[in-house]
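Architecture at a glance
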Amino acid sequence: MTYICPICRANFCSKHCDAWWNPDTFNYERSSWSLATHCSDHFDKWWNPNKYNWRDSSWRLAKYCCTYFDKWWNPNKYNWRDSYALAEYCHDHFDKWWDENKFDWEAGSRELAKYCSNHFDKWWNPTRYEWLFSSTALAQYCSQYFDKWWDENKFNWQNASWTLAKYCYMYFDKWWNPEKYNARYIAHLEQYCAEYQAKWTSLKLYASLTA
Ligand SMILES: [Zn+2]
């Protein structure tokens, strides 16, 4: 579905919005995405919560229309599969949208850790947090809350060991476990945890013997 501007021939032209915009004929089902993406400057002109395609394009509201958050936000209409976009683009409005029961932890844990770390105490839930692919984000972006989230049984040592060495070296004695640290990431120990070398050297020896 295209809406060509009669003046400059561009599709979904924001500059000459008045020349092609017609709320009665616009196909919200198929083209809501273009309004949020290209015409956020004219938000008040096209916004219609009953016609907007929340199913496919909720994340575009979060990404492109964050300035108008208070006008469009509706927890019952927003597609929570796009939870990650709220965390990534609307963290300034965190208190308005946060709902731990509606939030999609599978798809948005990483963004919570990365973009909402200053709200850590409000959202942290070790049972709901997605540890498999998002352990790295905890170590990288929430290291100041290490004591609150650290759980050696939940942390994904397999793919995130290196983030402990790189971002949480100051807590080395709290997390270090030669049985669990992934020996593939010895280089990170050498680079960031040199002062603890006496403690991890045995792992290095073990890795070189089994390589
Ligand atoms: Zn135009």
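Each chain carries its own residue numbering, running from 1 in the direction its sequence is written. Local features in this predicted model are restricted to residues whose pLDDT is 70 or higher, and side-chain atom pairs enter the listing and the counts only when it is 80 or higher, whereas totals over whole chains, interfaces and linings include all residues.

Bringing the overall build of the protein into the picture now. Helices and strands together make up the secondary structure of the protein, namely 15 helices and zero strands. Here the C-alpha atoms of the protein give a radius of gyration of 23 Å, more than 25% beyond the 17 Å that 2.2 N^0.38 yields for 211 residues. The dimensions of the protein, computed from C-alpha atoms along their principal axes, are 70 × 35 × 25 Å. Exposure criterion: with C-beta atoms placed from backbone coordinates, a residue whose C-beta has 20 or more other C-beta atoms within 10 Å is buried, one with 12 or fewer is exposed, and one in between is partly exposed. Here the protein holds 211 residues, and the buried ones make up 27% of them. Secondary structure counts use DSSP, requiring at least four H or I residues in a row for a helix and at least two E residues in a row for a strand, with both numbered from the N terminus. Note on method: radius of gyration uses C-alpha positions; expected globular size equals 2.2 Å times residues raised to 0.38.

With that settled, the discussion passes to the environment of C17. Checked against the element boundaries, C17 lands in helix α1 (residues 17-20). Along the chain, C17 and K148 lie 131 residues apart, while their C-alpha atoms are 50 Å from each other. Once residues lying within four places of it in the same chain are set aside, the contact partners of C17 are C39, H42 and K45. Contacts here follow a simple rule: the backbone-placed C-beta atoms of the two residues must lie within 7 Å.

Even without being a glycine, R9 presents a positive backbone phi close to 70°. Within the secondary structure, R9 is located in the segment before α1.

Residues A62, A85, L86, A87, A113 and L138 are the most contacted members of the largest nonpolar core, which totals 35 residues. Looking at this core, the elements with two or more residues in it are α2 (28-38), α4 (54-64), α6 (83-89), α8 (105-115), α10 (131-141), α12 (157-167) and α14 (186-192). At five residues, α6 tops the list of elements feeding residues into this core. The source of the domain bounds is an automatic or database domain assignment. Split by domain, the residues of this core number at least three in each of domain 1 (79-155) and domain 2 (161-211). Setting aside residues no more than four positions away along its own chain, A113 makes contact with S134, A137, L138, Y141 and C142. For the purposes of this analysis, a nonpolar core is taken to be any set of buried Ala, Val, Leu, Ile, Met, Phe, Trp, Tyr and Cys residues that are connected through C-beta atoms within 7 Å.

For the rest of this paragraph, the subject is the domain arrangement of the protein. We note that the domain assignment places domain 1 (79-155) and domain 2 (161-211) within the protein. The distance between the C-alpha centroids of domain 1 and domain 2 comes to 26 Å. The interface of domain 1 with domain 2 comprises seven residues on the first partner and nine residues on the second. Ranked by the residues each element gives to the side of domain 1 that touches domain 2, the list is headed by α10, at three residues.

Time to look at the environment of K199. Within the secondary structure, K199 is located in helix α15 (residues 197-210). Taking the C-alpha atoms as reference points, K199 and N177, 22 residues apart in sequence, are found 9.6 Å from one another.

In this analysis an axis means a line fitted to C-alpha atoms, helices contributing only their contacting stretch, and an angle means the value between N-to-C directions, from 0 to 180 degrees. Two elements in contact, α2 and α4, have axes whose closest approach is 9 Å; the angle formed by their N-to-C orientations is 5°. On the basis of their axis angle, the class for α2 and α4 is roughly parallel. Between α2, through S32, W33, A36 and T37, and α4, the contact on the second element is made entirely by D56, S57, R60, L61 and Y64. Lys, Arg, Asp and Glu make up the charged group, whereas Ala, Val, Leu, Ile, Met, Phe, Trp, Tyr, Cys and Pro make up the nonpolar group; the residues left over, Gly among them, are polar. Of the residues contributing to the contact of α2 with α4, the split by class is four nonpolar, three polar and two charged. The cut-offs work like this: below 35 degrees is roughly parallel, past 145 is roughly antiparallel, 65 to 115 is roughly perpendicular, and the gaps in between are oblique.

Let us now look at α12. Listed in full, the buried residues belonging to α12 are A160, S161, W162, T163, L164 and A165. For α12, the elements touching its buried residues are α10, α13 (172-175) and α14.

With that settled, consider the packing of α10 against α12. Look at α10 against α12: their axes get within 9 Å of each other, and the N-to-C directions meet at 0°. The angle between α10 and α12 places the two elements in the roughly parallel class. For the pair α10 and α12, the contacting residues are S135, T136, A139 and Q140 in the first and A160, T163, L164 and Y167 in the second. When grouped by side-chain class, the residues that make up the contact of α10 with α12 number four nonpolar, four polar and no charged.

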